[in-house]
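Residue-level listing of the chains:
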Amino acid sequence: AARQVRDTANQVQALFGLSNCAMGVKNFSLALSHSFEALALAKASGKNSILLLAYTSLSEVAIKMKKGKEAIGYATDVLHYAEKTKTTHYHLLGLMNLAEGYALIGDQDKRIAYLKQAMPIALENGVVIQLDDIYRSLYEAYESKGDYKAALAAYRQHVFYKDSTINLKSNKVLAEVETRYQTAQKEKALSEKQLQITQKDLQLQKSRQYTFYSII
């Protein structure tokens, strides 16, 4: 039974990935098909953690398709299962997707309310990328409401966290380059050492052959 649950979770995760790939090339009907297939498997399993993945996938497809009501419904399910499984990452994602859903139907007040719920979770967990998105969305919401003072404050925070995100990405790229360089250097050193060993072996063989022919 445990193995079956693992297999189902892996299948749902794979379908989630396929749905994201389809959205990347704007094939939303295919993305939706993968997400619904994931939901069917998740419902059959009855596992909260698997249902959480499936509803997250559907909420993101609905947002990309600009279907606000559907996005709100699926994101509400995400929040429900995130609370049941005590999964902070998906709790945050559920709140942000709810905010996006309300943005799509033009309800800026509820958009702001859910973003404000998401903010302390992102701050507490140091999730810089989400903070960038939260403040960008707050800026857009306040601007839509004509609250330019709040919009400006949110925009400044958005720029701050956007710069932090860029720095994090730059540091990650630098770390990856450094790792590749160090790996290449180690491989080069090993190759040189192996070459030296091979050369010594050849010299030893030649020396033995010379000794053998000298004896003959």
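What counts and how
- Residues numbered from 1 in each chain as written.
- Predicted model: local features only at pLDDT ≥ 70, side-chain atom pairs only at ≥ 80, totals over all residues.
- Heavy atoms only, no water.
- Helix = DSSP H or I, 4+ residues; strand = E, 2+ residues; numbered from the N terminus.
- Buried < 20%, exposed > 50% of the residue type's maximum accessible area, 1.4 Å probe, protein only.
- Contact = heavy atoms within 4.5 Å.
- Salt bridge = Lys/Arg side-chain N within 4 Å of Asp/Glu carboxyl O.
- Phe/Tyr/Trp six-rings, centres within 6.5 Å; stacked < 30°, edge-to-face > 60°.
- Expected span 1.5 Å × (residues − 1).
- Axes fitted to C-alpha atoms, helices over the stretch in contact; angles between N-to-C directions.
- Parallel < 35°, antiparallel > 145°, perpendicular 65-115°, else oblique.
- Left-handed = near helix turned anticlockwise from the far one by under 90°.

Colleague: Just give me the short version of the overall build of the chain, but keep the residues and values in it.
Modeller: Within the chain, the secondary structure is distributed over eight helices and zero strands. Traced from its N-terminal end to its C-terminal end, the chain shows the element sequence α-α-α-α-α-α-α-α. Going through the 216 residues of the chain one by one, you find that 32% of them count as buried. Here the contacts in the chain between residues at least 6 apart in sequence split such that 55% fall between residues at least 24 apart.

Colleague: Could you give an account of the pattern of salt bridges, with specific residues and numbers?
Modeller: Here the structure, examined in full by the defined rule, presents three salt bridges. A salt bridge links Asp109 to Lys145; its shortest N-O distance comes to 2.7 Å. With Asp109 in helix α6 (residues 108–125) and Lys145 in helix α7 (residues 128–145), this pair connects stretches of sequence that are 36 residues apart. Judged by its relative accessible area of 44%, Lys145 is partly exposed. In this structure, Arg111 and Glu140 form a salt bridge, with 2.8 Å as the shortest nitrogen-oxygen distance. In this pair, Arg111 is assigned in helix α6 and Glu140 in helix α7, connecting sequence segments 29 residues apart.

Colleague: Give a description of the packing of aromatic side chains that names residues and reports values.
Modeller: This model, assessed by the stated rule, comprises six aromatic pairs. Judged by centre distance (6.4 Å) and plane angle (35°), the ring pair of Tyr55 and Tyr74 falls under tilted. Taken together, the positions of Tyr55 in helix α3 (residues 48–64) and Tyr74 in helix α4 (residues 68–85) put the pair 19 residues apart, joining distant regions of the chain. You'll find Tyr55 and Tyr74 in the same group, each marked buried. Aromatic side chains Tyr55 and Tyr81 sit 5.8 Å apart centroid to centroid with 5° between the ring planes, which places their arrangement in the stacked category. Placement of the pair is Tyr55 in helix α3 and Tyr81 in helix α4, with a sequence separation of 26 residues. Put simply, the rings of Tyr55, Tyr74 and Tyr81 touch in pairs and so form one group of aromatic residues.

Colleague: Give a detailed account of α6, specifying residues and quantitative values.
Modeller: For α6, spanning 18 residues, the distance from its first C-alpha to its last is 26 Å, which sits close to the expected 26 Å at 1.5 Å a residue. Of all the positions in α6, only Gln108, Arg111, Ile112, Leu115, Ala118, Met119, Ile121 and Ala122 are classed as buried. Where α6 is buried, its residues contact α5 (88–104) and α7. Following α6 by one or two positions, Gly126 adopts a phi angle in the positive range, close to 60°.

Colleague: Provide a residue-level description of the packing of α5 against α7, including the pertinent values.
Modeller: A pair of packed helices is captured by two measures, namely the crossing angle of their axes and the spacing between those axes. With their axes 11 Å apart at the nearest point, α5 and α7 run at an angle of 25° to one another. Between α5 and α7, the angle is such that the two are roughly parallel. For the element pair α5 and α7, the recorded crossing hand is left-handed. Contacts between α5 and α7 involve Leu92, Met96 and Glu100 from the former and Gln130, Asp133, Ile134, Arg136 and Ser137 from the latter.

Colleague: Please set out the side chain of Gln108 residue by residue, giving values where relevant.
Modeller: Inspection of the secondary structure assignment puts Gln108 in helix α6. Apart from residues lying up to four places away in sequence, Gln108 is in contact with Ala103, Ala141, Ser144 and Lys145.

Colleague: I'd like a description of the packing of α5 against α6, backed by residues and values.
Modeller: In the contact formed by α5 and α6, the axes pass within 8 Å of each other and the chain directions differ by 160°. Accordingly, the angle class assigned to the pair α5 and α6 is roughly antiparallel. The handedness of the crossing between α5 and α6 comes out as left-handed. Touching Thr88, His91, Leu92, Leu95, Met96, Leu98, Ala99, Glu100, Tyr102 and Ala103 of α5 are Gln108, Lys110, Arg111, Tyr114, Leu115, Gln117, Ala118, Ile121, Ala122 and Asn125, all from α6.

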